[in-house]
Amino acid sequence: GIGLAAPQVGVAKRILVIDLAQKDSPATPLQIVNPKLIWASEELASNEEGCLSLPDQYAEIKRSKSTRIRYLDQQNVDRELEATGMLSACLQHEMDHLNGVMFLDHLSFIKRDLIKRKIRKLIKTNDTDNLAVACELLSSATATEGDWLKLFPKTRIRELLSTWEPGIWNTLAT
C-alpha cells in the first residue's frame, strides 16, 4: 500500500502516512497529523483504488484532481501542502479513513453491494486472514484486537510515531 491511516491499525488518532516511492527506491514517508482539506479542485480525476482494509478489492473512484491541505508535521509544525495526481488521490483516500469513510462509499450501490457480498463470503468460509476486514466493512462488533494485529502489525506505525515531538500528542484530535 502507499498510504495508511491510524484508524486502520486500531489507533484512534487523526494521523496518516503516505509513501509514493517506487519499490526499488528508498522510502520517503509523508507523515501527517490532523489534516484539514482547505481546497479541492472542481476538476475530477478517475483512478483505480484499493485499500489495505479490503485486500484484493479495487474500483475506479473519481476524486478532485488537485487539493490543498493544512496539517501538523512530526515536529508539530503547521504546514500546507498542495497536491495533484496520485498524491492528491491518496491524501483524499486516507483522509476519508479519518472521517469513517471507505472508498466503497464512493461507489454505486450495485458495485458496493458486490464487494460486500465477497466480504460476507469470507466470513461464512472462516477466512480468518480477512475476518477483521470483513467485520469492519460490515460494521460487525466481532473483530478483536488480535484479528487486527494479524492483518496490521502496529510496530511500524509505532516506530514512526516514536520519532515525533512529545508535544504533538497534546494537539492530536481523536
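These numbers come from a predicted model, not from an experiment.

A closer look at helix α1 (residues 85-98)
Along an α-helix, a turn takes 3.6 residues, which lines up residues three or four apart on a common side. Relative to the 20 Å expected for 14 residues at 1.5 Å per residue, α1 spans 21 Å between its end C-alpha atoms, a close match to the ideal helical length. A large share of α1 lies buried, amounting to 12 of its 14 residues. Buried within α1 are the following residues: Leu-87, Ser-88, Ala-89, Cys-90, Leu-91, Gln-92, His-93, Glu-94, Met-95, Asp-96, His-97 and Leu-98. Within two residues after α1, Gly-100 carries a phi angle of roughly 75°, on the positive side.

Topic: unusual backbone geometry
Even without being a glycine, Asn-34 presents a positive backbone phi close to 50°. With respect to the helices, strands and loops of the structure, Asn-34 is situated in strand β3 (residues 30-40). Residue class for Asn-34 comes out buried when judged on its relative accessible area of 12%.

Description of the pairing of strand β5 (residues 54-64)
Sheet topology places strand β4 (residues 44-51) next to β5; 8 bridges connect them, and they run antiparallel. Residue pairing across strands places Ser-46 opposite Lys-62, the latter belonging to β5. The antiparallel pairing of β4 with β5 creates a hairpin that spans 2 residues between the two strands.

Concerning the nonpolar core
Residues Leu-16, Ile-18, Ile-32, Ile-69, Leu-81, Leu-87 and Leu-91 are the most contacted members of the largest nonpolar core, which totals 13 residues. Of all the secondary-structure elements, those providing two or more residues to this core are β2 (15-18), β6 (66-72), β7 (78-84) and α1. Counting residues per element, this core draws most heavily on α1, at 5 residues. Leave out the neighbours within four places in its chain, and Leu-91 touches Leu-16, Ile-18, Ile-32, Thr-67, Ile-69, Leu-81 and Ala-83. Listed in part, the 10 residues of the second largest apolar core include Cys-51, Leu-104, Ile-115 and Ile-119.

Comments concerning the sheet that holds β2
Taken in spatial order, the 5 strands line up as β1-β2-β3-β6-β7 in an open sheet, and their pairing is antiparallel. What marks the edges here is a single partner per strand, and that holds for β1 (3-5) and β7. Ignoring strand direction, the axes of neighbouring strands in this sheet form an average angle of 40°. Alignment of β3 against β6, held across 5 bridges, turns out to be antiparallel. Counterpart to Trp-39 in the pairing with β6 is Arg-68.

The rules we used
- Residues numbered from 1 in each chain as written.
- Predicted model: local features only at pLDDT ≥ 70, side-chain atom pairs only at ≥ 80, totals over all residues.
- Heavy atoms only, no water.
- Helix = DSSP H or I, 4+ residues; strand = E, 2+ residues; numbered from the N terminus.
- Expected span 1.5 Å × (residues − 1).
- Buried < 20%, exposed > 50% of the residue type's maximum accessible area, 1.4 Å probe, protein only.
- Pairing = 2+ DSSP bridges.
- Core = buried A, V, L, I, M, F, W, Y, C linked by side-chain atoms within 4.5 Å.
- Contact = heavy atoms within 4.5 Å.
- Axes fitted to C-alpha atoms, helices over the stretch in contact; angles between N-to-C directions.

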